[in-house]
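# Inside the fold
Listed below, chain by chain, are the residues.
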Amino acid sequence: MEDIRIETFTLGPLETNAYLVMDAEGAKAFVIDPGVGPKRLLERIEALGVKVEAIVLTHAHFDHIAGVEEVRRACHCPVYVHDLEADWLTDPRKNGSARWPDVTPPVAAEPAEHALEDGMSLKLIGREFRVIHTPGHSPGSVSLLHGSHLFGGDVLFRMSVGRTDLPGGRTEDLEHSIRNKLYKLPPETRVYPGHGPQTTIGFEMTHNPYVPALPQS
């Protein structure tokens with residue numbers, strides 16, 4: 001039997017993946033990256049009758065945070081984000097929503113209650129999730145690891161990687177995060193990305209055209 005249950009909700013015009021992560025019993029949950037228009041997510045939470053303990057943000061670009069306030073009010077739960085992007089929650093210029101008025105109105109949320117740090121153990125739904133700081137797509141990007149499950153935000157996609165041309169992005173940092181942190185994980189580790197289909201670490205090490213694994217010396 002799986003240790004956790006995971007449901008995916010693809011939200012908004014940029015098709016951002018939000019995740020509802022539950023314990024095996026379906027009694028407790030937390031939400032990762034509630035994006036634009038989280039109605040289906042909230043309806044599912046209500047239908048399940050699950051207690052949402054927190055919202056965890058892999059990073060604070062607008063398409064990953066647009067639903068934060070709606071979910072926070074509905075579920076009465078705190079928000080976690082890396083300190084390097086704490087002020088992005090409250091500033092449409094920093095979270096990018098002010099740059100694309102044709103995609104979204106300005107997005108702003110109240111400050112997060114908790115900060116994420118590299119290496120910390122986040123205890124939610126009776127489980128432990130390890131926070132891995134994986135900058136490059138954005139300075140405060142984090143990935144969340146539990147067993148063979150990795151929630152990677154916009155760092156690593158199936159046969160692709162996160163863009164680095166937005167403010168705070170840096171290609172060298174992204175490559176370092178992937179090669180020196182994510183590719184060190186077991187190859188069977190399943191990656192739940194911020195956009196697109198799931199993949200595995202082993203598949204990306206072999207097939208990713210942007211950041212292939214380096215030959216072993």
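Parameters at a glance
- Residues numbered from 1 in each chain as written.
- Predicted model: local features only at pLDDT ≥ 70, side-chain atom pairs only at ≥ 80, totals over all residues.
- Heavy atoms only, no water.
- Pairing = 2+ DSSP bridges.
- Helix = DSSP H or I, 4+ residues; strand = E, 2+ residues; numbered from the N terminus.
- Polar contact = N/O pair within 3.5 Å; in protein donor to acceptor, adjacent residues only side chain to side chain.
- Contact = heavy atoms within 4.5 Å.
- Phe/Tyr/Trp six-rings, centres within 6.5 Å; stacked < 30°, edge-to-face > 60°.
- Buried < 20%, exposed > 50% of the residue type's maximum accessible area, 1.4 Å probe, protein only.
- Lys NZ or Arg CZ within 6 Å of the ring centre and 35° of its normal.
- Arc of directions from axis to C-beta.

## A short note on the pairing of strand S13 (residues 190–193)
Two elements, strand S10 (residues 149–153) and S13, share 4 bridges in a ladder whose sense is parallel. Paired with Gly153 across the strands is Pro193, a residue of S13. As consecutive antiparallel partners, S13 and strand S14 (residues 199–200) are separated by 5 residues, and within that stretch Gly196 has a phi angle of approximately 80 degrees, a positive value.

## Regarding the side chain of Glu69
Note that Glu69 resides in helix H3 (residues 68–75). Engagement of the side chain of Glu69 in a polar contact is seen with the side chain of Arg72, the distance being 2.4 Å. For Glu69, the residues in contact, after removing those within four places along its chain, are Ala108, Ala109 and Glu110.

## Quick word on the packing of aromatic side chains
Per the stated rule, a full pass over the model turns up 5 aromatic pairs. Ring plane angle 80 degrees and centroid distance 5.0 Å describe the contact between Phe30 and Phe129, whose orientation is recorded as edge-to-face. Within this pair, whereas Phe30 is found in strand S3 (residues 28–32), its partner Phe129 is found in strand S8 (residues 127–133), the two being separated by 99 residues in sequence. The same class applies to Phe30 and to Phe129, which are both buried. Considering the side-chain rings of Phe62 and Trp100, the 6.1 Å spacing of their centres and the 40 degrees angle between planes classify their relative orientation as tilted. Taken as a pair, Phe62 in helix H2 (residues 62–65) and Trp100 in the loop between helix H4 (92–95) and strand S6 (114–116) lie far apart in primary sequence, 38 residues in all. Three or more aromatic residues joined by ring pairs form one cluster here, namely Tyr19, Phe151 and Tyr192. Here Arg158 stacks its cationic end above the ring of Phe203, 4.2 Å away from the centre of that ring.

## Things to note about helix H5 (residues 171–180)
Those residues of H5 lying buried are Leu174, Ser177 and Ile178. Buried residues of H5 fall within an arc of 90 degrees about the axis and therefore sit on the same side. Looking at the buried side of H5, the elements it contacts are strand S11 (156–157) and strand S12 (160–161).

## As for unusual backbone geometry
Of note in this structure, Asp33 is not a glycine but carries a positive phi near 55 degrees. With respect to the helices, strands and loops of the structure, Asp33 is situated in the loop between S3 and helix H1 (39–48). In this structure, His76 is a non-glycine residue whose phi angle is positive, near 55 degrees. Looking at where His76 falls in the secondary structure, it is placed in the loop between H3 and strand S5 (79–82).

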